Amino acid sequence: MRICIFGAGAIGGLMAAKLAAKGDAEVTVIARGPHLAAMQSKGLTLRSEGQEITVYPRCVGTAEEAGPQDYVVVTLKAHSLPGAAKQMQPLLGPETAVVSAVNGIPWWYFHKLPGPHEDRRVESVDPGGVVSVLLPPERAIGCIVYPAAEVPEPGVIEHTYGDRFTLGEPSGERTPRIAALSEALIAAGFKAPVRPKIRDEIWVKLWGNLAFNPISSLTTQTLDVLTGDEGTRGIARAMMLEAQEVGTKLGVRFGIDVDKRIAGAAEVGAHKTSMLQDLERGRPMEIDALLGVVVELAELVGVEVPTCRTVLALVRARGRAAGCY
């Protein structure tokens with residue numbers, strides 16, 4: 001089995017290290033800069049649960065060097081995907097699956113989703129349809145990322161918590177390709193359940209991210225503060241209830257209530273959201289994939305989302321002022 005990790009930062013590096021340590025798959029990592037140089041010269045080091053291992057997957061800088069793969073696991077930020085999709089073409093053989101381990105609503109969301117919106121394009125994450133053309137939805141396997149990790153120095157992954165990557169076909173089927181991927185991830189030490197309704201789980205994860213990520217970038221506060229303060233908690237709750245109505249109109253079933261989801265965010269503690277980290281580092285923020293897309297889908301299904309619209313306008317302005325949008 002040939003598995004390529006495209007964009008091997010913290011999460012991609014975690015996956016690559018454990019797959020390579022198991023040794024059953026041919027793992028290729030595509031990275032760049034000092035991180036790539038360090039992995040090529042010293043290997044990829046993973047620190048997890050008080051242990052440290054170093055593995056030596058194939059590490060390259062371009063898709064041309066990697067060649068066609070069985071699975072391409074995409075661990076980029078959503079806004080990077082339109083530009084990266086063209087670079088990924090040499091990785092794609094006739095049967096290559098693209099595993100979208102990307103936050104937010106994915107470009108393939110309406111593929112094989114029965115109903116009036118089947119095969120509709122999501123402009124917020126697939127502007128002009130470029131991603132769907134280069135990475136046809138037929139190739140897509142959904143993947144929801146739960147672990148947390150970081151790159152403290154080039155070539156090193158620090159795994160802090162979590163070991164689950166939930167998988168799902170857009171059709172809901174348990175296909176041979178998704179069963180094989182699940183088995184490979186489980187053998188490497190992850191939890192990798194295959195869900196028939198992957199979109200339900202996408203929304204439950206998005207539910208917190210669409211609120212707390214933007215609010216954190218506006219306030220520069222960590223999750224413990226945002227969930228503990230009556231004002232910011234109330235704004236987040238209002239956004240989440242609006243989004244829940246959108247998701248429900250699209251056929252999503254929310255398995256927990258809004259207050260339990262907020263409590264889950266609070267349990268993370270004094271954590272800076274990814275959007276706040278990007279703002280502080282001057283990097284593009286995932287505004288459209290996490291919140292812009294909710295407003296787009298609200299218009300599609302005729303739901304009013306005034307709180308989400310207001311926060312979206314504010315965080316876009318914040319991003320533009322900081323050069324991060």
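You'll find the structure just up there.
Along each chain, residue indices are assigned from 1 in the same order as the chain's sequence is written. In keeping with the model being predicted, local features are shown solely for residues with a pLDDT of at least 70 and side-chain atom pairs are shown and tallied solely at 80 or more, while totals for entire chains, interfaces and linings include all residues. Calculation of side-chain values draws on the structure's entire complement of heavy atoms; hydrogens and water are dropped beforehand.

Draft legend 1. Broad picture of the sheet that holds strand S9 (residues 148-153). Spatial ordering of the open sheet is given by S4-S3-S10-S9, a layout of four strands whose pairing is mixed. Looking at which strands have only one partner, the edges of the open sheet turn out to be strand S4 (51-55) and S9. Here the average twist between neighbouring strands, direction ignored, is 25°. The sheet contact formed by strand S3 (residues 44-48) and strand S10 (residues 156-161) spans four bridges and is parallel. Within S10, the residue paired with leucine 46 across the bridge is isoleucine 157. In the packing of helix H1 (residues 10-22) onto the sheet, the strands contacted are S3, S4, S9 and S10, and the crossing angle to S3 comes to about 95°. Criterion used throughout: strands pair if DSSP finds at least two bridges between them. Counting from the N terminus, the helices are the DSSP runs of H or I reaching at least four residues and the strands are the DSSP runs of E reaching at least two. Where helices are involved, their axes are fitted lines through C-alpha atoms of the stretch in contact, as for all axes, and angles between N-to-C directions lie from 0 to 180°. Contact criterion: two residues are considered in contact whenever any of their non-hydrogen atoms come within 4.5 Å of each other.

Draft legend 2. Seen up close, the nonpolar core. The definition of a nonpolar core used throughout is a set of buried Ala, Val, Leu, Ile, Met, Phe, Trp, Tyr and Cys residues joined through side-chain atoms within 4.5 Å. Each residue is assigned to one of three classes by its accessible area relative to the maximum for its type, calculated with a 1.4 Å probe on protein chains only: buried under 20%, partly exposed between the two thresholds, exposed over 50%. Counting 73 residues, the largest nonpolar core has Leu91, Leu135, Trp203, Leu210 and Val246 as its most contacted members. For this core, the leading source of residues is helix H12 (residues 287-301), giving ten residues. Not counting chain neighbours up to four residues away, the residues in contact with leucine 210 comprise Met239, Ala243, Leu290, Leu291, Val294 and Cys308. One finds Ala17, Val55, Val73 and Ile141 within the second-largest nonpolar core, a separate group that totals 37 residues.

Draft legend 3. Structural view of the sheet that holds strand S5 (residues 58-60). Reading across from one edge, S5-S2-S1-S6-S7-S8-S11 is the order of the seven strands in this open sheet, with mixed pairing throughout. The open sheet terminates on both sides in strands that have one partner only, identified here as S5 and strand S11 (165-168). Neighbouring strand axes in the sheet, compared pairwise and without regard to direction, differ in orientation by 25° on average. Both strand S1 (residues 2-6) and strand S2 (residues 26-30) contribute to a ladder of five bridges, which runs parallel. If you follow isoleucine 5 over to S2, its bridge partner there is valine 29. Along the sheet, helix H6 (residues 176-187) makes contact with strand S6 (69-74), strand S7 (92-100), strand S8 (140-145) and S11, crossing S11 at roughly 170°. On top of the sheet, helix H7 (residues 198-219) reaches S8 and S11; it is set at about 35° to S8, its chief contact.

Draft legend 4. View of the packing of aromatic side chains. The rule is short: rings of Phe, Tyr and Trp, with Trp giving its six-membered ring, pair when the centres are within 6.5 Å, and they are stacked under 30 degrees, edge-to-face over 60, tilted in between. Tallied over the full model, the rule gives four aromatic pairs. Ring geometry for tyrosine 109 against phenylalanine 110: centres 5.1 Å apart, planes inclined by 85°, an arrangement best described as edge-to-face. Of the two residues, tyrosine 109 and phenylalanine 110, neither departs from the other in class, the shared state being buried. For the pair tryptophan 203 and phenylalanine 254, a centre-to-centre distance of 6.3 Å together with 70° between the ring planes defines the contact as edge-to-face. Here the residue tryptophan 203 occupies a position in helix H7, and phenylalanine 254 occupies one in the loop between helix H9 (230-249) and helix H10 (258-267), the gap between them amounting to 51 residues. In terms of burial, tryptophan 203 and phenylalanine 254 fall into one category: buried. In this structure an aromatic cluster arises from ring pairing among Trp203, Trp207 and Phe254. In this analysis the charged atom, NZ for Lys or CZ for Arg, is taken to sit over a ring once it is within 6 Å of the ring centre and within 35 degrees of the ring normal. Above the plane of the ring of tyrosine 146 lies arginine 164, whose end atom (NZ or CZ) is 4.0 Å from the centre. Above the plane of the ring of tyrosine 146 lies lysine 205, whose end atom (NZ or CZ) is 5.8 Å from the centre.

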